[in-house]
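# Secondary and tertiary structure notes
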Amino acid sequence: MTNATHTAPAATLLDLADIQGGILRTYGDGFPKGRNFYLTVRDARKGRAFVEALRPRITTAARWKDPNRQEPLVRTHNPRVKDIVRAEGVPDYPGRVQLMKPKVTFNIGFTFMGLLALGVPTRTLRGMPDDFIDGMEARAALLGDDPFLDKRDAVWRDSKGNKRVHILLTLYAQQNPDGTACPELDAETDLIVALCKKSRSGVVLLDGVGPDNAKWQDLSAVMRQDGDNWWPTNKEHFGLSDGFGDPVFSGQFSGEAERVRVAGGGKLVFDPKKKAYEWQPLATGEFLLGYPDEAQEIPGAAMPIAFSRNGTFMAYRKLHEAVGTFHAYIDDQATRYAKVYQVPHQEAVDTIKAKMVGRWEDGVPLMIAPTYPAWQRFRAELDKARAEKDKAKLAEIALKFTNFIYASDPAGSKCPVTSHLRRANPRDTLGPTFADNGMSNDGSAIINRRRILRRGLPYGQYDADAPGDDGDHGIIFMAICTNLFRQFEFVQQQWMQYGLDFNAGSDTCPVIGNHAERDEPKLVIPVDAEVGKLPFICDRLPQLVEPRGGDYFFLPSMTALRMIGMGIIDPT
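Residues numbered from 1 in each chain as written. Predicted model: local features only at pLDDT ≥ 70, side-chain atom pairs only at ≥ 80, totals over all residues. Heavy atoms only, no water.

Looking up the chain in an unreviewed UniProt entry gives the name Peroxidase, with the organism given as Sphingomonas suaedae. Of the chain, the UniProt comment under Cofactor (unreviewed entry) reads exactly: "heme b". (UniProt positions renumbered as here; feature names shortened; annotations may be inferred.)

What follows is the structure in structure tokens.
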């Protein structure tokens, strides 16, 4: 498999009004609150009526008109690549139709059993891929979830028979200045509850969420206080910045935004005329059904094709974070690291976190700032650009958060090859051959077929003065792709739960991997040979993240949703 031939990418024009909104865009810090609802269908006719009632409320990928959007380039946190586009006065999102930006976004997904319960024809359903038909619980051993099945929330542990999760509703909401969700979120919640009641047990809202068996999953970004106002951050509960480096595919952004975002987010292709590699958007078919993928094939899907086109699949996971254990372990390892390398304790703490993740706690990649002093210089440069409102400099800095490769660091002395970031997207590495400059385009071609869109929000809270493991806090993680087996499951099994592709034996991801004590889990932090010291080994890695439930969902297009709701699917 190779990408050695340069071909000019054809522009992809997407029907934005037919695609659910959460697929193409991250709702981001404009929607820092949310709720997820899990429902079961006990009567197909009433279930279809429920879907039809919700259909007009579904948020599509059509562009939003936001009369209040006057975002400056100088942001309160790290600049983002889309800020560059906005600073240049061009839209960062494709399409001409503009809808008013909603207070609450509303999206829907179905498990295989949910589609069956709603009366989708068997001839259509048998075209669905085996991984989706199996569902997440049946794939537990492959995903590394089997040790944690009994720890799942009741709604997932009991997801069978008349309590089987059939429908997932995901709502993201804007917030009030005091950090609470806007009132429209409660209004939409009341609507869902009322529709379930109206169905007379045809559709049932399942409880059993979290330790208190709540009726739905509440979500919230990790907030920071500034006076009387609360602002969302891009942190998760470990205190690490998240949300960088999502893949960019053809048709996802406007031309100008694509040009900026594709650097580091797309695929590397060799241009023989320029005799250089350049970034191009990934094939649309890797993320939306009905389009050619990276192999120039249309991914197999259910019939008729109108039922599949513009839809996709999603792996939905609730991941509990052991916050107390995380901080205690880092502090323990930092004590030893500080002694070995003769650095202050806080520098050791920050360094070990960065080596585990691949980025510093504010998201600056290790490939851009490999050492603590380099990170401090980067931050000083950023602060200076903000203070001077230097847009050109801020734009240059924003690109550094995503635009990098690993060719200069094959041994991982800058960014460990087994760090979470490098496992999730190895970029130009893992190829069988390398050019003189260290580039491996063959590796990129393989990796291009493993990319996933990442969505989600943190959930729960804990006592910041005494962070602990107990309670209900973590991340709702959603991986969107057209082939769950080839993309999500491969990354989860092969790259997160093994180390073979990284010459690291059975070492798993230091953050989300399984760390059974019998396996003596560890993270090797290589050092530059010129330093003249041995690698540092973080040993006895504890279990930091545990899955607490989830399933595989089909996210239909608006066309398919209408077919489902009206019961008019003709698979012939």
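Here the narrative resumes, following the displayed structure.
### Digging into the overall build of the chain
Secondary structure summary: the chain contains 19 helices and 17 strands in total. A globule of 572 residues ought to have a C-alpha radius of gyration of about 25 Å, and the chain, at 23 Å, matches this closely. By principal-axis analysis of the C-alpha atoms, the chain measures approximately 70 × 55 × 50 Å. Expressed as a percentage of its 572 residues, the buried residues of the chain come to 56%. Taking contacts inside the chain between residues at least 6 apart in sequence as the whole, the part at least 24 apart equals 73%. For the chain, the exposed area adds up to about 24500 Å²; of that, 52% sits on carbon and sulfur atoms. Each charge class in the chain can be summarised by its mean position, and for the 72 positive and 73 negative side chains these summaries are 5 Å apart. (Helix = DSSP H or I, 4+ residues; strand = E, 2+ residues; numbered from the N terminus. Rg over C-alpha atoms; globule rule 2.2 N^0.38 Å. Buried < 20%, exposed > 50% of the residue type's maximum accessible area, 1.4 Å probe, protein only. Contact = heavy atoms within 4.5 Å. Areas by Shrake-Rupley, 256 points an atom, 1.4 Å probe, with all protein chains shown as cover. Lys, Arg positive; Asp, Glu negative; His and termini not counted. Charge placed at Lys NZ, Arg CZ, Asp CG, Glu CD.)

### Focus on the packing of aromatic side chains
Counted by the stated rule, this structure contains 28 aromatic pairs. Taken together, the aromatic side chains of Phe112, Phe132, Phe307, Phe313 and Phe554 make up a single cluster linked through ring pairs. In this arrangement the basic side chain of Lys318 is found over the ring face of Tyr459, its NZ or CZ atom lying 4.7 Å from the centre. Above the ring of Phe404, the side-chain terminus of Arg427 is found at 3.8 Å from the ring centroid. (Phe/Tyr/Trp six-rings, centres within 6.5 Å; stacked < 30°, edge-to-face > 60°. Lys NZ or Arg CZ within 6 Å of the ring centre and 35° of its normal.)

### Some remarks on the pattern of salt bridges
Close approach of charged atoms lets side chains of opposite charge pair. With the rule as written, the count across this model stands at 34 salt bridges. The partner of Arg336 in a salt bridge is Asp539, and the shortest N-O contact between them spans 3.7 Å. Pair noted here: Arg336 is in helix H12 (residues 323-341) and Asp539 is in the loop between strand E16 (536-538) and strand E17 (545-555), with a separation of 203 residues, a long-range link. For Arg379, the salt bridge is made with Asp362, and the minimal N-O distance between the two is 3.7 Å. One end of the pair, Arg379, is in helix H14 (residues 372-387); the other, Asp362, is in the loop between helix H13 (345-357) and H14, with 17 residues separating them in the sequence. (Salt bridge = Lys/Arg side-chain N within 4 Å of Asp/Glu carboxyl O.)

### Overview of the environment of Ser308
Looking at where Ser308 falls in the secondary structure, it is placed in helix H11 (residues 305-308). For Ser308, a relative accessible area of 1% puts it in the buried group. Once residues within four sequence positions are removed from consideration, Ser308 is found in contact with Leu289, Ala301 and Ala302.

### Examining helix H18 (residues 485-496)
In this model, H18 (12 residues) spans only 14 Å end to end at C-alpha, well below the 16 Å of a helix rising 1.5 Å per residue. Taken together, the buried positions of H18 are Arg486, Gln487, Phe488, Glu489, Val491, Gln492, Gln494, Trp495 and Met496. (Expected span 1.5 Å × (residues − 1).)

### What about the pairing of strand E13 (residues 453-459)?
Extensive coverage of E13 is indicated by the burial of five of its seven residues. Of the strand pairs in this sheet, E13 and strand E14 (residues 474-481) are connected by seven bridges, and their pairing is antiparallel. In the strand pairing of E14, Arg455 is matched with Met478. (Pairing = 2+ DSSP bridges.)

### Focus: the confidence of the model for the chain
Put simply, the chain has an average pLDDT of 91, and 92% of its residues get 70 or more. Residue range residues 1-5 is modelled with pLDDT below 50. Its contacts to residues more than four positions away, or to other chains, number 16 contacts. (pLDDT = per-residue confidence, 0-100.)

### Considering H13
Look at H13: 19 Å from first C-alpha to last across 13 residues, which is about the 18 Å you get at 1.5 Å a residue. For H13, the buried fraction is high: 11 of the 13 residues fall into the buried class. All of the buried residues along H13 are Glu347, Ala348, Val349, Asp350, Thr351, Ile352, Lys353, Ala354, Lys355, Met356 and Val357. Those residues of H13 that are buried are in contact with H12, H14, helix H16 (420-424), strand E15 (523-525) and E16. One or two positions beyond H13, positive phi appears at Gly358, with a value near 105°.

### Some details on a nonpolar patch on the surface
A grouping of Ile298, Met303 and Ile305 is seen on the molecular surface, where their side chains present a nonpolar patch of about 270 Å² in accessible area. In this fold, Ile298 is placed in the loop between strand E11 (276-280) and H11. (Patch = residues over 30% accessible without salt bridge, like charges linked within 9 Å, V, L, I, M, F, W, Y side chains within 5 Å.)

### Brief notes about unusual backbone geometry
With an omega of 0°, the peptide bond between Met303 and Pro304 qualifies as cis. Mapped onto the secondary structure, Pro304 falls in the loop between E11 and H11. Positive phi outside glycine occurs at Gln296, with the angle close to 60°. Its location among the elements puts Gln296 in the loop between E11 and H11.

### Thoughts on the environment of Gly202
Within the secondary structure, Gly202 is located in the loop between helix H9 (183-198) and strand E6 (203-205). For Gly202, a relative accessible area of 1% translates into the label buried. C-alpha of Gly202 to C-alpha of Arg42: the two residues are 160 residues apart in sequence and 4.9 Å apart in space. With residues up to four places along the chain from it excluded, the contact list for Gly202 reads Thr40, Val41, Arg42, Asp43 and Lys46.

### Let's talk about the nonpolar core
The biggest cluster of nonpolar side chains holds 85 residues, and the ones touching the most others in it are Leu39, Leu169, Phe307 and Phe488. What Leu169 contacts, discounting residues up to four positions off in sequence, is Arg35, Asn36, Phe37, Leu39, Phe50, Leu54, Phe106, Asn107, Ile108 and Ile192. (Core = buried A, V, L, I, M, F, W, Y, C linked by side-chain atoms within 4.5 Å.)

### What to know about the packing of helix H2 (residues 44-54) against H9
As a packed pair, H2 and H9 sit with axes 10 Å apart at the nearest point and diverge in direction by 155°. Considered as vectors, H2 and H9 are oriented roughly antiparallel to each other. Once H2 is placed against H9, the crossing between them reads as right-handed. Counting all contacts with H2, which are made through Phe50, Ala53 and Leu54, the residues of H9 involved are Leu191, Ile192, Leu195 and Cys196. Residues belonging to the contact of H2 with H9 are distributed by class as follows: seven nonpolar, no polar and no charged. (Axes fitted to C-alpha atoms, helices over the stretch in contact; angles between N-to-C directions. Parallel < 35°, antiparallel > 145°, perpendicular 65-115°, else oblique. Left-handed = near helix turned anticlockwise from the far one by under 90°. Nonpolar A, V, L, I, M, F, W, Y, C, P; charged D, E, K, R; others polar.)

### With respect to the pairing of E14
In terms of residue burial, E14 counts as a mostly covered element, since eight of its eight residues are buried. Pairing between strand E12 (residues 312-321) and E14: eight bridges, direction antiparallel. Paired with Tyr316 across the bridge in E14 is Met478.

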